[in-house]
Amino acid sequence: MERADGGRVVLCVLCGLPAAGKSTLARALRRQLPLRQGWDCALLVYDDLIPEEAWGRGEPPDGEPPLDSAWKRRRRELLRHLERLLRALRSHPAPPGPAAAPPSWGRFLSCCAEQGLLPGRGGGPGTRPLCLVLDDNFYYRSMRHEVFQLAHSLGFCQLFLECPLELCLQRNRLRGSPVPEGTICRMAQRVEVPEPEKNPWEQNSLVLSSSACAPEEQCDSGLMEAFHVQIINLLGAALENPVKQNEENTEQKEADRAICAASTVHQADQTCRRIISQTMKEAKDKNVLPSEMKSLAEELNKLKAEFLEDLRQGSHVGNESGQQNPTVDPAASVLSSFQPVLLKTSKSDSFLRWRAQPPLTPARGLWNRDAG
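Reading the values: rules and limits
- Residues numbered from 1 in each chain as written.
- Predicted model: local features only at pLDDT ≥ 70, side-chain atom pairs only at ≥ 80, totals over all residues.
- Heavy atoms only, no water.
- Helix = DSSP H or I, 4+ residues; strand = E, 2+ residues; numbered from the N terminus.
- Buried < 20%, exposed > 50% of the residue type's maximum accessible area, 1.4 Å probe, protein only.
- Contact = heavy atoms within 4.5 Å.
- Areas by Shrake-Rupley, 256 points an atom, 1.4 Å probe, with all protein chains shown as cover.
- Core = buried A, V, L, I, M, F, W, Y, C linked by side-chain atoms within 4.5 Å.
- Disulfide = S-S within 2.5 Å.
- Pairing = 2+ DSSP bridges.

1. Here we look at the overall build of the protein
And then number 1: Per the secondary structure count, the protein includes 12 helices and five strands.
And then number 2: Burial statistics for the protein: of 372 residues in total, 45% are counted as buried.
And then number 3: Restricting to contacts in the protein with at least 6 residues of sequence separation, those with at least 24 account for 76%.
And then number 4: Of the accessible surface of the protein, which amounts to about 18900 Å², a share of 51% is contributed by carbon and sulfur atoms.

If you want it as structure tokens, here you go:
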């Protein structure tokens, strides 16, 4: 994204366990990017922006932050504030506040103003690239994906600080306000490392090991120096490859298409089973010989298997692009596949009764007929 003043923006999400070195790295980026790379850099530290009362006191009994609903509400508020800031950076006026501004909005504005981020209030950032660093644990992938969803037309990247649990606990004990150790241990069990090979939106991600660093207050410059080239390359790649507005929609469409295909095959299978069951029942009622019953069952099941395989490959309801073909009636495809056997075994009355059921509608689903 190009800001109204001509600069571009990269959202950089820091993630990892408490005491892994995220805030240390954030401070190093804030200080060294302007000096060494000619970037502007600003920090949004979640611990500073989410009030202490949202965290409560003591260890949470279920592994989540205390007063879970209050904590989640504050995170949602912060995400909305971030969205307003990004809109302001695009259009240049100061970010409009919510109608009934919560206290978190004032804290957010103050944080932005102190770092010269507010257009119209001190001029805002210059024309240099801006790295906006979000400093939080972001241990669930879904937390990071929420930020990615705001990043259309911006650069987006992730820096994951990897550090052994025991070392995090050791560093945590040296803090003035340590995080409860139980919380860190439970977080370690749930943390989700970026997987760019599985998730295209995580392609600009870097996993860094901070275990070689000394305690936080001693390794500020060392941490940045150890990974300087890798981090600069990551930021550069994110800057030159901003998130396209339809990228998220494309991924969601692919996921929806896969779910829809699986559901269609399942419902088609149920429909085939009902046809076969009804046909076999009527054959038995008409005293068809056992040997013929066996042949009929084998032929119908063979047809069912072939039809479902064709359906999986898209031969019946899809075109080459995987999109549903609106000119093909899926129910008619099932019936046309079974009709020759039904007619050959004098079961056309069963076929006609099934066909006479109410027509399928999109609201009821492709195969949503009652078993009766």
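Now that the structure has been shown, we can carry on.
2. Describing the nonpolar core
Within soluble globular proteins, side chains that are nonpolar generally end up buried alongside one another.
And then number 1: Among the nonpolar cores identified, the biggest contains 70 residues, and Leu132 and Leu159 are the most heavily contacted of them.
And then number 2: In contact with leucine 159, not counting residues within four places along its chain, are Cys12, Val13, Leu14, Cys15, Leu25, Leu29, Leu206, Leu208, Ile231 and Leu234.

3. Looking at the state of the cysteines
And then number 1: Under the defined criterion, the tally for this structure stands at zero disulfides.
And then number 2: Take cysteine 41: it sits in no disulfide, and the sulfur closest to it among the cysteines is that of cysteine 131, at 4.6 Å.
And then number 3: A relative accessible area of 4% means that cysteine 41 is categorised as buried.
And then number 4: Left unpaired, cysteine 185 is separated from the closest cysteine sulfur, that of cysteine 168, by 10.0 Å.
And then number 5: Exposure remark for cysteine 185: the relative accessible area of 29% places this residue in the partly exposed category.

4. Examining the pairing of strand E3 (residues 130–135)
And then number 1: For E3, the buried fraction is high: six of the six residues fall into the buried class.
And then number 2: The alternating pattern of E3 places Leu130, Leu132 and Leu134 and Cys131, Val133 and Asp135 on opposite faces, both of which are buried.
And then number 3: Relative to E3, strand E1 (residues 9–16) runs parallel, the two being bridged by six bridges. Looking at the pairing, valine 9 lines up with leucine 130 of E3.

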